[in-house]
Structures are given as structure tokens and as C-alpha cells.
Amino acid sequence: MTTTPSTPRALAQARAAAERLARRPVPSSPSAWRGWFDGSATPNPGRIGIGALLLGPAGERIEISRPAGTGTSGDAEYLALIALLEAAVAAGACELAVYGDSQVVVQDVLMSGMPGAKGLEEHRARAVALMARLEGMALRWVPRHRNGAADALSQRAAAGG
């Protein structure tokens with residue numbers, strides 16, 4: 001049975017561990033892949049679309065833009081991350097640097113030893129399991145203006161296009 005720390009000290013320790021993970025070097029070898037993800041909900045909650053862009057070291061370019069049913073913006077962000085990770089695993093990526101503009105999702109994944117964001121626990125478990133299949137994995141938050149391609153793909157999907 002796994003216990004989840006809930007004291008202020010345990011929460012502080014988990015946050016510190018997540019911050020250390022967030023500062024780990026981003027893979028920079030010639031074989032590293034890079035990916036960006038974003039999700040949109042219109043309205044929130046409402047119709048959701050996911051977008052992701054995966055770039056490989058040999059010029060591979062995989063774009064994901066698809067409707068993903070209904071849910072919240074948190075669902076959309078997580079489903080976009082999951083779709084990106086599935087594509088990376090399918091493409092045979094070993095090293096991967098992933099960027100997203102959802103602080104909720106990035107922090108939730110990095111604090112995997114702590115209680116997750118309410119209602120997103122299944123998404124988190126799926127994302128963490130996929131990340132474990134990649135040898136060199138880094139997940140980073142970026143401001144929205146640095147996530148334009150994934151945002152455009154998710155907006156297009158949410159609009160039904």
C-alpha cells in the first residue's frame with residue numbers, strides 16, 4: 001500500500017523534489033526529440049481539442065490535431081500530453097524534451113508522489129507510465145507565447161477543423 005504524504009513538511013519536500021526534476025538538464029544529444037503540447041476547451045468545460053508537435057533528430061515532424069470529446073481544459077491539456085508521449089514512443093524516441101504551457105499539468109506530473117489534481121488522476125497515471133518508457137525525459141513549462149504551434153493545433157481541433 002502506498003501512502004501519500006499530506007503534512008505541510010511532506011508537501012514542501014515533494015515540491016522541492018519536483019523543482020529538482022524541473023531543473024534536470026534537457027536532453028541535448030543529436031538523438032533527442034522535442035515536443036510541444038496544448039489542449040483547448042470551448043467553453044470550459046466543453047468541447048475539447050488537443051494539439052501537439054513532435055520533432056525528431058532526423059527531421060521527422062509529427063503533428064497531432066484532433067477533437068477529444070468533452071471535458072475541462074485540464075482534461076484537454078493532459079490528453080494532448082498523452083497523445084504526444086504515445087507518438088514519441090511509437091516513433092522510437094528514447095530521449096525527449098517536452099514543453100507545455102499548462103502549469104497545472106506540468107507540476108502535477110512532476111509531483112507524482114503527491115495527491116494529483118482532482119479529476120485528472122487517471123490522465124496523470126497514463127502520462128507517467130508513458131514517460132517511464134522513455135530513457136531521457138524532461139518536461140518543462142513554457143509561457144503560452146513559446147507554445148504557438150501546439151496552441152494553433154489544439155485551437156483548430158477544438159473548432160472542429
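So what about the overall build of the chain? Which residues, and what values?
Helix and strand content of the chain: 5 helices and 5 strands. Shown N-terminal to C-terminal, the secondary structure of the chain runs as helices and strands in the order α-β-β-β-α-β-α-α-β-α. Across the 161 residues of the chain, 45% fall into the buried class. Here the contacts in the chain between residues at least 6 apart in sequence split such that 73% fall between residues at least 24 apart. As presented, the chain carries roughly 8400 Å² of accessible surface, and 54% of it is formed by carbon and sulfur atoms.

Account for the pairing of strand β4 (residues 95-100), naming residues and giving values.
With 5 of its 6 residues buried, β4 lies for the most part within the structure. In the sheet, strand β1 (residues 33-42) pairs with β4 via 5 bridges, with the strands oriented parallel. For Trp 36, the partnering residue across the bridge sits in β4 and is Tyr 99. In this structure, β4 lies alongside strand β5 (residues 136-141), joined through 6 bridges in parallel fashion. Paired with Val 98 across the two strands is Leu 139, which belongs to β5.

Account for the pairing of strand β3 (residues 61-71), with residues named and values stated.
A regular strand carries its side chains on alternate faces of the sheet. Note: strand β2 (residues 46-55) against β3, 9 bridges, orientation antiparallel. Bridge pairing links Arg 47 to Thr 70 in β3. The antiparallel hairpin formed by β2 and β3 contains 5 residues in its connecting segment, where Gly 59 sits at a positive phi of about 90 degrees.

Tell me what's going on with the pattern of salt bridges, and back it up with residues and numbers.
Summed over all chains, the structure comprises 4 salt bridges. Glu 63 is paired through a salt bridge with Arg 61; the nearest N and O atoms lie 3.0 Å apart. Judged by relative accessible area, Glu 63 falls into the partly exposed class, the value being 42%. A salt bridge links Asp 101 to Arg 144; its shortest N-O distance comes to 3.7 Å. Of this pair, Asp 101 sits in the loop between β4 and α3 (103-110) while Arg 144 sits in the loop between β5 and α5 (148-158), and the two are 43 residues apart along the sequence. We classify Asp 101 as buried; its relative accessible area is 13%. Judged by its relative accessible area of 51%, Arg 144 is exposed.

What counts as what
- Residues numbered from 1 in each chain as written.
- Predicted model: local features only at pLDDT ≥ 70, side-chain atom pairs only at ≥ 80, totals over all residues.
- Heavy atoms only, no water.
- Helix = DSSP H or I, 4+ residues; strand = E, 2+ residues; numbered from the N terminus.
- Buried < 20%, exposed > 50% of the residue type's maximum accessible area, 1.4 Å probe, protein only.
- Contact = heavy atoms within 4.5 Å.
- Areas by Shrake-Rupley, 256 points an atom, 1.4 Å probe, with all protein chains shown as cover.
- Pairing = 2+ DSSP bridges.
- Salt bridge = Lys/Arg side-chain N within 4 Å of Asp/Glu carboxyl O.

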